[in-house]
Amino acid sequence: MWLQKEILLKSKHKGFHLITDEIVSQLPMIKKIKIGLLNIFIKHTSASLTLNENYDPDVRSDMEKYFNQTVRENEPYYDHTSEGADDIPAHIKSTLIGASLSIPITNGNLNLGTWQGIYLCEHRYHAGSRKIVTTILGEEST
Amino acid sequence: MWLQKEILLKSKHKGFHLITDEIVSQLPMIKKIKIGLLNIFIKHTSASLTLNENYDPDVRSDMEKYFNQTVRENEPYYDHTSEGADDIPAHIKSTLIGASLSIPITNGNLNLGTWQGIYLCEHRYHAGSRKIVTTILGEEST
Amino acid sequence: MWLQKEILLKSKHKGFHLITDEIVSQLPMIKKIKIGLLNIFIKHTSASLTLNENYDPDVRSDMEKYFNQTVRENEPYYDHTSEGADDIPAHIKSTLIGASLSIPITNGNLNLGTWQGIYLCEHRYHAGSRKIVTTILGEEST
């Protein structure tokens, strides 16, 4: 069984955002899968996807602060500067974090750990909505 | 062909650990797959999975030292501090490294490079055993 | 439908290289897939794969400069030093960036964003050609 659905994520401010519900609520077909995988792919190079702690919002803001200090704006050696001070740091962060996730599906649910949630990492100050391609593959429950 | 198996990895000290054998020995069904993929997914946000050099243990200890100096404990800007000095660094490292691996299966074996091994990256000082979900998908040999 | 093909990438100098065409031109069978995934896996621990901006070459050179300054050669704490000053930094970069990509296939094409391209990140000064395993899984168009 193969299913694919493009999802438009609502525009978000720069930072790390928990989007598990925004994704899962648009994928009711997960319920039909006994064993499978969900691949989530972001079609952008200045935002990224990761899994992390789903409870304390301080984890998301600490993460944002960490990535801002480890990938700084306006480094004197940057050449790609014409699209704004946040642009090349956004590209670098997207490579550090990654553009896709593969999550197991078991008995109709994402098989995440208790504390795991899906994050959209928005690396630009004024981004629009973000396009995600979700691909579900697996064996249907009988 | 779809197979899924949850594996409990033995508790390990903080650091980078080669676990290729611990994983593969629990997945004899790989032998039956002609072409496929193995997805390995860790259900935690303070440990991570990567592929790296499988021969010299110094690579693992240098990796541990690198990640400790690039994601430091007790940064003055951290707010998520109530779960111990190693907790927020563990979350950040897990996003830098990632929670899952997809490895090709070819003719009954993982199609890894000669020097590639699977690492469990344990980011906490006193972690228990870690839960892994392995999903095998592929075409059976005839 | 399952297909697997090993591809040898031409030897490249240290740096970030756009290889979308070098990969796609060797995978004409993507045209036959209606819904699916392409997994690209590099069988090495001193080179890596990522997706990033496919237009301005300055993004690739800024990326190379960023990773060289965040993972330095000759750190006094490195023990794995016998294979050259670029070796342990190459291993660390490969864990930061990752060894594989999963890209959705939709109606016979890779479903990449407009600005997304596939990068080979070559972390060694004198590397040879690099082995990639591509695995295509999906539903054939009728």
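The structure we're discussing is the one just above.
Residues numbered from 1 in each chain as written. Chains lettered and ligands numbered in written order. Predicted model: local features only at pLDDT ≥ 70, side-chain atom pairs only at ≥ 80, totals over all residues. Heavy atoms only, no water.

Topic: the interface of chain A and chain B
Part 1 of the reasoning: Opposite the 32 residues of chain A that make contact, chain B presents 30 residues.
Part 2 of the reasoning: For the pair chain A and chain B, the summed buried area comes to about 2,500 Å², and 59% of that belongs to carbon and sulfur atoms.
Part 3 of the reasoning: Summed over the three residues of chain A that lose the most area to chain B, namely A:Ile35, A:Asp62 and A:Tyr66, the buried surface amounts to 22% of that side.
Part 4 of the reasoning: Linking chain A to chain B there are one salt bridge.
Part 5 of the reasoning: Between B:Asp79 and A:Lys65 there is a salt bridge whose closest N-O contact spans 2.9 Å.
Part 6 of the reasoning: Among the elements of the structure, β3 (33-42), β4 (47-53), α2 (57-70), α3 (87-97), β5 (100-106) and β8 (130-140) of chain A are those that each provide at least two residues to the side of chain A that touches chain B.
Part 7 of the reasoning: Top element by residues in the side of chain A that touches chain B is α2(A). It accounts for nine residues. (Contact = heavy atoms within 4.5 Å. Buried area = accessible area lost by both parts, 1.4 Å probe. Salt bridge = Lys/Arg side-chain N within 4 Å of Asp/Glu carboxyl O. Helix = DSSP H or I, 4+ residues; strand = E, 2+ residues; numbered from the N terminus.)

Focus: the sheet that holds strand β8 (residues 130-140) of chain B
All names here are of chain B.
Part 1 of the reasoning: The strand order across the open sheet built from five strands is β1-β8-β3-β5-β6, with neighbouring strands paired in antiparallel fashion. A strand with exactly one partner marks an edge of an open sheet, and here the two such strands are β1 (2-9) and β6 (109-110).
Part 2 of the reasoning: In this structure, strand β3 (residues 33-42) lies alongside β8, joined through nine bridges in antiparallel fashion. Looking across to β8, one finds that isoleucine 33 is bridged to glutamate 140. (Pairing = 2+ DSSP bridges.)

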